[in-house]
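Chains, contacts and geometry: an overview
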Amino acid sequence: MTRGGDALAADTLVGRPRSPVEDPAGLAPDAEDLAAADGEELYYRHDVRSEEDLLTVRHAVRAATVQAGFGIVDQTRVVTAASELARNAYVHGGGGTLELRLLSPGGRRGLRLTVRDEGPGIPDVETALQDGYTTGSGLGHGLGGARRLVHDFQIRTAPGQGTTVVATRWNDR
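Quick caveat, the model's predicted, so the values are computed rather than measured.

Predicted coordinates in areas of low pLDDT are best not read in detail. Per-chain confidence: the chain averages 79 in pLDDT, with 72% of residues scoring 70 or above. Low confidence marks residues 1-36, where pLDDT is under 50. Its contacts with residues over four positions away, or in another chain, come to 92 contacts.

Listed below in structure tokens is the structure:
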């Protein structure tokens, strides 16, 4: 969700493994496809258009981690990842939306964050995920740091079409 130009022609999906995978045919699932899975419940949706919205999002995500039974360390991981992703949507994408889903497939519990913006897209996802890369005044740990804090991480972006990040953390307790 960093500010970018038009260097990337096709949508890009990034997931595990950690290197970007181009998907010019559009075969990779988008956020809507991922959100339709069994064992998911929409817990929270909020527009991120101001600094106050960032605080509201953090509180809502913290409440969801408690409801999902996460311990304090994993609560902090999820809240930090959500905060970084929402801030990127706000700062670099001109605002966006955060959706939070409670997951419970087969009795396993987790949380899925989906953060969308309609900003300029990310021209080079692999570079944007590297620590130290920044297009602003930050330290450049946000996007890559958020990826390290969750179990599953995907980015879908294209120049001029915005960015969607889907991040999932499972409760391993």
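With that settled, the discussion passes to the pairing of strand S6 (residues 152-157). A regular strand places its side chains so that they alternate between the two faces of the sheet. With six bridges connecting them, S6 and strand S7 (residues 163-170) associate as antiparallel partners. The partner of Phe 153 across the bridge, within S7, is Ala 167. Linking S6 to S7, which pair antiparallel, is a turn of five residues; within it Gly 160 sits at a positive phi near 75°.

Time to look at the pattern of salt bridges. Evaluated as defined, the whole model comprises eight salt bridges. The partner of Glu 51 in a salt bridge is Arg 87, and the shortest N-O contact between them spans 3.2 Å. Placement of Glu 51 in helix H2 (residues 51-67) and of Arg 87 in helix H3 (residues 72-91) is noted, with a sequence separation of 36 residues between them. With a relative accessible area of 30%, Arg 87 lands in the partly exposed category. Between Asp 74 and Arg 77 there is a salt bridge, with its nearest N and O atoms 2.5 Å apart. Residue Asp 74 and its partner Arg 77 are both found in helix H3; the two are separated by three residues, about one turn of the helix. One connected set of salt bridges, linked through shared partners, spans Glu 40, Arg 45, Glu 99, Arg 101, Arg 112 and Arg 116.

Glancing now at H3. Taking 1.5 Å as the rise per residue, H3 with 20 residues should run 28 Å; its terminal C-alpha atoms sit 28 Å apart, in good agreement. Turning to H3, its buried residues number three or more, namely Asp 74, Gln 75, Val 78, Val 79, Ala 81, Ala 82, Ser 83, Leu 85, Ala 86, Asn 88 and Ala 89.

Let us now look at the nonpolar core. Core analysis: the largest hydrophobic core is formed by 33 residues, its most contacted members being Val 61, Leu 98 and Phe 153. Sort the elements by how many residues they give to this core and H3 lands first, with seven residues. Those residues in contact with Val 61 that lie beyond four places of it in its chain are Val 78, Val 79, Ala 82, Leu 98, Leu 100 and Leu 113.

Burial analysis of strand S5 (residues 110-117) places eight of its eight residues in the buried class, the great majority of the element. The alternating pattern of S5 places Gly 110, Arg 112, Thr 114 and Arg 116 on one face and Leu 111, Leu 113, Val 115 and Asp 117 on the opposite face, and all of these are buried. Of the strand pairs in this sheet, strand S4 (residues 96-103) and S5 are connected by eight bridges, and their pairing is antiparallel. What sits directly across from Thr 97, in S5, is Arg 116. Between S4 and S5, which pair antiparallel in sequence order, lie six residues; one of them, Gly 106, sits at a positive phi of approximately 60°. Where S5 meets S7, eight bridges bridge the pair, whose relative direction is antiparallel.

Calculation rules
- Residues numbered from 1 in each chain as written.
- Predicted model: local features only at pLDDT ≥ 70, side-chain atom pairs only at ≥ 80, totals over all residues.
- Heavy atoms only, no water.
- pLDDT = per-residue confidence, 0-100.
- Contact = heavy atoms within 4.5 Å.
- Pairing = 2+ DSSP bridges.
- Helix = DSSP H or I, 4+ residues; strand = E, 2+ residues; numbered from the N terminus.
- Salt bridge = Lys/Arg side-chain N within 4 Å of Asp/Glu carboxyl O.
- Buried < 20%, exposed > 50% of the residue type's maximum accessible area, 1.4 Å probe, protein only.
- Expected span 1.5 Å × (residues − 1).
- Core = buried A, V, L, I, M, F, W, Y, C linked by side-chain atoms within 4.5 Å.

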